[in-house]
Amino acid sequence: MTTQADIKFIASFAVNFELNEIGALIRKKVVKLSHQQCQAASLPLAVSENYLLSRNPSTEKLNNVISLLGFVKEAIRNLTIDQFNSFMNDKFNQEELILRDRPIIITTFNCYMNSSLSNIQFQKVIVYEAQQASEIEILMAAQEVEELVLVGDHKQPGPIYKVDVPKCGSLFSRLIEAGYPITVTLNECYTLHPSLLTIPNNLFYDGQIVSFYTHSYATEFISRDKPMLFIHSESPEDSFTNEGECVQIMELLKFIHQCKLRYKEMGFVSLYAGQTNKLRQHVEHFGMGESVRSIEDWQGRNTDVMIMSAVRSNKERSFIEDERRLNVALTRARHGLIIIGNSNTLKLDQKWDVLIRIYKARDCFAVDLDHAKEMISERSSVAETLKPLATPKTGGAGCSEMPANNTEKQLKASIFQPQSKNGDL
């Protein structure tokens with residue numbers, strides 16, 4: 001409920017709010033007056049649509065701030081720079097009183113370093129996704145802090161710098177590489193389907209992650225035990241873009257909608273920026289353009305189903321510039337993952353080769369798009385006839401209720417070599 005003190009505070013700026021019959025603060029209907037109407041009524045030009053933008057150059061910044069505060073600049077009358085500064089000072093003082101009274105504050109590095117938060121001494125600062133923060137950001141957050149806790153995954157991409165700085169990553173990764181002792185290892189995964197977890201778990205985490213995924217009939221994609229698919233495509237690439245794969249993804253989307261496969265969210269990703277932009281233009285026809293993100297944008301996010309375009313399709317050796325980016329691409333989907341790419345090119349890379357061999361061993365490899373449609377149609381039809389289990393199961397590291405066949409067991413024994421287990425998850 002808005003108080004009289006609130007009204008007096010806001011009234012001096014004549015913003016477009018008023019009290020309704022129950023005392024709540026509501027927006028007024030904004031009436032825009034023309035330049036001629038203002039002159040005829042002997043009103044200041046502040047009420048005309050373009051006044052604040054045309055008054056003087058310093059008002060452009062003022063207009064931006066006013067918009068951020070939620071006000072409509074055309075409805076603010078006679079607001080001078082001095083009045084605005086007075087308003088911002090009062091706002092700053094009120095924020096400080098609120099912040100000092102709160103035991104827990106959640107914010108971003110940008111807000112922390114550019115607000116009154118930087119004047120508050122905290123007992124403990126916890127940095128989430130610390131591997132994405134630059135060293136200077138961590139050091140700024142750690143000023144006069146009694147305890148600093150860094151939580152992150154150094155197997156995923158680090159901070160992005162506008163200028164290429166050799167060997168400059170995050171403080172979190174540097175501490176890991178220097179052998180700084182790890183206090184707690186978070187190795188329980190509740191979000192990824194066990195079959196989707198198997199490959200990144202063994203490729204990047206030495207099989208240390210334990211699956212606590214809860215199966216649900218409502219979230220099954222394609223089938224309960226085979227929620228993933230690799231679709232072979234020989235469409236040629238062009239400067240790290242692949243138009244053919246975009247077209248195939250469009251056809252696949254139409255087919256998925258026809259089959260009425262269950263999913264609440266679907267995302268799209270590629271390891272290359274050019275393909276990400278091209279793919280966004282295509283799926284915009286389905287109203288899904290916002291679901292296409294870069295690896296950096298997907299980091300820290302998840303979606304129910306992910307479709308990935310691998311792009312590379314040539315006779316030259318394929319390589320992964322940064323394995324951590326591939327790790328992000330493979331671990332964003334909760335319930336289903338479809339990859340479209342040229343297996344002949346990709347298998348020249350060791351990690352892609354492992355992935356493709358596992359997909360083939362699990363009978364989740366399609367030789368072309370038509371074959372993929374047949375597999376999806378057959379498996380989703382079978383899934384519809386199955387009753388949901390009364391008691392969902394949980395499993396071990398990257399497990400699935402479907403027993404691995406002999407071929408897959410041999411693959412795991414031969415391609416997943418034991419590695420050092422000093423890394424953090």
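Residues numbered from 1 in each chain as written. Predicted model: local features only at pLDDT ≥ 70, side-chain atom pairs only at ≥ 80, totals over all residues. Heavy atoms only, no water.

Peer 1: Sorry, what's going on with the packing of aromatic side chains here?
Peer 2: To describe a pair of aromatic rings, one takes the distance between the centres and the angle between the planes. Evaluation of the coordinates by the stated rule reveals four aromatic pairs. Taking the centre distance of 5.4 Å and the plane angle of 25 degrees together, the rings of Y190 and F212 count as stacked. Of this pair, Y190 sits in the loop between β5 (188-189) and α9 (194-204) while F212 is found in the loop between β6 (210-211) and β7 (228-232), placing the two residues 22 residues apart along the sequence. With centroids separated by 5.1 Å and ring planes inclined at 35 degrees, the aromatic side chains of F240 and Y272 adopt a geometry described as tilted. You can see F240 sitting in the loop between β7 and α10 (243-259) and its partner Y272 sitting in the loop between β8 (266-270) and α11 (273-283), a full 32 residues away along the chain. The class of F240 is partly exposed, set by a relative accessible area of 37%. Owing to a relative accessible area of 9%, Y272 belongs among the buried residues under this scheme. Here the aromatic residues F230, Y359 and F365 are joined through ring pairs into a cluster of three or more. Directly above the ring of W298 sits R293, whose terminal nitrogen or CZ lies 4.9 Å from the centroid. (Phe/Tyr/Trp six-rings, centres within 6.5 Å; stacked < 30°, edge-to-face > 60°. Helix = DSSP H or I, 4+ residues; strand = E, 2+ residues; numbered from the N terminus. Buried < 20%, exposed > 50% of the residue type's maximum accessible area, 1.4 Å probe, protein only. Lys NZ or Arg CZ within 6 Å of the ring centre and 35° of its normal.)

Peer 1: How should the environment of V145 be read in this particular structure?
Peer 2: Inspection of the secondary structure puts V145 in the loop between α7 (135-141) and β4 (147-151). Residue classification places V145 among the buried positions, given a relative accessible area of 17%. Placed 20 residues apart in sequence, V145 and V125 show a C-alpha to C-alpha distance of 6.9 Å. In this view, V145 contacts F122, Q123, K124 and V125; residues no more than four positions away in its chain are not counted. (Contact = heavy atoms within 4.5 Å.)

Peer 1: What should I look at first to understand a nonpolar patch on the surface in this one?
Peer 2: Together, I136, L139 and M140 give the surface a local cluster of nonpolar side chains, amounting to about 280 Å² of exposed area. Along the chain, I136 falls in helix α7. By relative accessible area, which is 54% here, I136 ends up exposed. (Patch = residues over 30% accessible without salt bridge, like charges linked within 9 Å, V, L, I, M, F, W, Y side chains within 5 Å. Areas by Shrake-Rupley, 256 points an atom, 1.4 Å probe, with all protein chains shown as cover. Salt bridge = Lys/Arg side-chain N within 4 Å of Asp/Glu carboxyl O.)

Peer 1: When you look at the sheet that holds β7 in this model, what are you seeing that I'm missing?
Peer 2: Strands belonging to one sheet form pairs held by backbone hydrogen bonds; the direction of such a pair is parallel or antiparallel. The parallel open sheet is built from five strands, whose spatial order is β8-β9-β10-β7-β11. Strands at the two margins of the open sheet, each flanked by one partner only, are β8 and β11 (365-366). In this sheet, strand β9 (residues 303-309) lies alongside β8 in parallel orientation, the contact comprising five bridges. Considered in β9, the bridge of F268 is made with I307. This element, α9, spans β7 and β10 (333-341) of the sheet and lies at about 60 degrees to β10. (Pairing = 2+ DSSP bridges. Axes fitted to C-alpha atoms, helices over the stretch in contact; angles between N-to-C directions.)

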